[in-house]
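As a plain string of letters, each chain reads:
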Amino acid sequence: MRLRHIPGAEQKIFESGFVISGPEVYRGRWAEVYGNDRPIRLEIGMGKGKFLMELAKRNPQINYLGVELYSSVLLRAVCKQEEERLPNVRFLCTDALKLAEILADGETERIYLNFSDPWPKDRHAKRRLTSPRFLGIYDRILAPDGAVEFKTDNRALFEYSLESLPAAGWEIIFSTFDLYRSGLTDGNVMTEYEEKFAAEGKPICKLVAVRPKKE
Ligand code: SAM
């Protein structure tokens, strides 16, 4: 994603009631933020928020938390949400590395990773959102029967993830190298990146991973 500095982005985000600042105080108490104890689903690296907000409209019985590192990117989602005011949407402007300080063990039931930055160089592998240190965080904050859903156009990152997840003890219960030709697109919500890549005819890879049930 091309980033540019947007003057006032931090201020606008700080002022929005939909962006939770100082989120650590809500660890284990996110029901207070939403005003109900419905399940919470996370999108990490949500970009401009199209996917998250569409899901939130379709599923008002679920709470959605969008996580984005850059305020200049998050700003677009915040502006949309200030207009639409979906009651089940909140945002965090933070690095996913901090999520275990923000959510208690098992406090979320699903994590979506969509078109995550591929970080192709080996020396940057630990920045990939499906690398072991991130998987360790997801393992903590996800409920025991929770799942990670991952979509990408980047075959190398997908192949890396097909190895990194099982190596960290996850079970891949669904995977395809070509979501649109698999015919399994019922209920699929497109992200901004997905719309662009699918229009170019690029295959979209998808996997769903869970932790094996403990006996
Ligand atoms: N998910 C959107 C989509 O599919 O249209 C945006 C994809 S964009 C390529 C990846 C996004 O992930 C960027 O906005 C980037 O800032 C964000 N990101 C990357 N690393 C992150 C991290 N460690 N924590 C939170 N967000 C991150």
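Scroll up to find the structure.
Note on numbering: residues in each chain are counted from 1, in written sequence order. Per-residue local features are limited, in this predicted model, to residues with pLDDT of at least 70; the limit for side-chain atom pairs, both in listing and counting, is 80 or more; totals at the level of whole chains, interfaces and linings are taken over all residues. Side-chain metrics in this entry use all non-hydrogen atoms of the structure; hydrogen atoms and water are not considered.

**Some details on the nonpolar core**
(1) Moving on: Here the nonpolar core consists of buried residues drawn from Ala, Val, Leu, Ile, Met, Phe, Trp, Tyr and Cys, with membership extended through side-chain atoms lying within 4.5 Å. Burial classes follow relative accessibility: with a 1.4 Å probe on protein chains only, a residue under 20% of its type's maximum area counts as buried, one over 50% as exposed, and anything between as partly exposed. In this structure, W30, L42, I44, L99, I111 and Y138 are the most contacted members of the largest nonpolar core, which totals 33 residues.
(2) Moving on: Secondary structure elements are defined from DSSP: runs of H or I of at least 4 residues count as helices, runs of E of at least 2 residues count as strands, and each element is numbered from the N terminus. For this core, the leading source of residues is helix α6 (residues 132–141), giving five residues.
(3) Moving on: If we skip the residues at most four places from it in the chain, W30 touches I20, P23, I40, L65, L92, I102, L103 and E107.
(4) Moving on: Counting 19 residues, the second-largest nonpolar core is a separate cluster that includes L55, A56, Y64 and Y112. The criterion used for residue contact is that any of the two residues' heavy atoms lie within 4.5 Å.

**Regarding a positive patch on the surface**
(1) Moving on: Residues forming no salt bridge and having over 30% relative accessible area are the ones grouped into patches, like charges within 9 Å of each other and nonpolar side chains (Val, Leu, Ile, Met, Phe, Trp, Tyr) within 5 Å. Accessibility throughout is a Shrake-Rupley quantity obtained with a 1.4 Å probe, and a residue counts as covered only by protein chains that appear here. By convention in these notes, a salt bridge is any Lys or Arg side-chain nitrogen within 4 Å of a carboxyl oxygen on Asp or Glu. For the purpose of charge, His is not counted, nor are the chain termini; Lys and Arg are scored as positive and Asp and Glu as negative. Charge placement uses NZ in Lys and CZ in Arg. For Asp and Glu, CG and CD serve respectively. A surface patch of positive charge is lined by K121, R123, K126, R127 and R133.
(2) Moving on: Relative to the helices and strands, R127 resides in the loop between β4 (108–114) and α6.
(3) Moving on: You can call R127 partly exposed: its relative accessible area is 39%.

**Thoughts on the packing of aromatic side chains**
Aromatic rings in a pair are described by how distant their centres are and how their planes are angled relative to each other.
(1) Moving on: Under the pairing criterion, centres of Phe, Tyr and Trp rings, with the six-membered ring standing for Trp, must be within 6.5 Å; the plane angle then separates stacked pairs below 30 degrees from edge-to-face pairs above 60, leaving the rest tilted. Taken as a whole, this structure holds eight aromatic pairs when the rule is applied.
(2) Moving on: Where F115 meets F197, the ring centres are 6.0 Å apart and the plane angle is 35°; that geometry is what we call tilted. Taken together, the residues F115 in the loop between β4 and α6 and F197 in helix α9 (residues 192–199) connect sequence positions 82 residues apart. Comparing F115 with F197, the two get one shared label, buried.
(3) Moving on: Consider the rings of F158 and F177, whose centres lie 5.3 Å apart with planes at 75°: the pair is edge-to-face. Here the residue F158 occupies a position in helix α7 (residues 155–167), and F177 occupies one in the loop between β6 (171–176) and α8 (179–182), the gap between them amounting to 19 residues.
(4) Moving on: You can call F158 buried: its relative accessible area is 0%.
(5) Moving on: Among the aromatic residues, ring-to-ring pairing joins Y26, W30 and Y34 into one connected group.
(6) Moving on: The residue whose ring lies beneath R128 is Y160, and the NZ or CZ to ring-centre distance is 4.6 Å. For a ring to carry a charge above it, either NZ of a lysine or CZ of an arginine must fall within 6 Å of the ring centroid while also lying within 35 degrees of the normal to the ring plane.

**Description of the site of the ligand**
(1) Moving on: If a single non-hydrogen atom of a residue is within 4 Å of a molecule or strand, that residue counts as near it. Around the ligand sit 19 residues, and of these G45, E68, A96, N114 and T191 come closest.
(2) Moving on: Contacts described as polar in this section are N or O atom pairs within 3.5 Å, which, within protein, must combine one atom able to donate a hydrogen with one able to accept it, while residues neighboring in sequence count only if both atoms come from side chains. Contacts to the ligand include A96, whose backbone N or O atom sits 3.0 Å from a nitrogen atom.
(3) Moving on: At 3.0 Å from a nitrogen atom of the ligand is found a main-chain nitrogen or oxygen belonging to N114.
(4) Moving on: About the coverage of the ligand: the protein hides 95% of its 600 Å² of free accessible area.
(5) Moving on: Each residue receives one of three labels: charged for Asp, Glu, Lys and Arg, nonpolar for Ala, Val, Leu, Ile, Met, Phe, Trp, Tyr, Cys and Pro, and polar for the others, Gly being one of them. Tallied by class, the residues present in the shell around the ligand amount to nine nonpolar, five polar and five charged.

**Things to note about α7**
(1) Moving on: With 13 residues, α7 extends 18 Å between its outermost C-alpha atoms, agreeing within 8% with the 18 Å of an ideal straight helix rising 1.5 Å per residue.
(2) Moving on: Within the span of α7, buried status applies to L157, F158, S161, S164 and L165.
(3) Moving on: On its buried side, α7 packs onto α6, β5 (142–152), β6 and β7 (205–210).
(4) Moving on: You can read the cap of α7 off the contacts: a side-chain oxygen lies 3.2 Å from the backbone nitrogen of A156, and it is on N154.
(5) Moving on: Two residues or fewer after α7 comes G169, characterised by a positive phi angle close to 95°. Multiplying 1.5 Å by the helix residue count minus one yields the expected span of that helix.

**Some remarks on the packing of helix α3 (residues 50–58) against helix α4 (residues 71–84)**
(1) Moving on: Relative orientation of the contacting elements α3 and α4 amounts to 25°, with a least axis distance of 10 Å. When the axes of α3 and α4 are compared, the pair comes out roughly parallel. Crossing geometry of α3 relative to α4 is assigned as right-handed. Residues K50, M53 and K57 of α3 lie in contact with α4, whose contacting residues are A77, K80, Q81 and E84.
(2) Moving on: Split into classes, the residues belonging to the contact of α3 with α4 amount to two nonpolar, one polar and four charged. Helix axes are fitted only over the stretch in contact, all axes being lines through C-alpha atoms; the angle between N-to-C directions runs from 0 to 180 degrees. Roughly parallel means an angle under 35 degrees; roughly antiparallel, over 145; roughly perpendicular, 65 to 115; everything else is oblique. A crossing counts as left-handed when the near helix is turned anticlockwise from the far one by less than a right angle, and as right-handed when that turn is clockwise.

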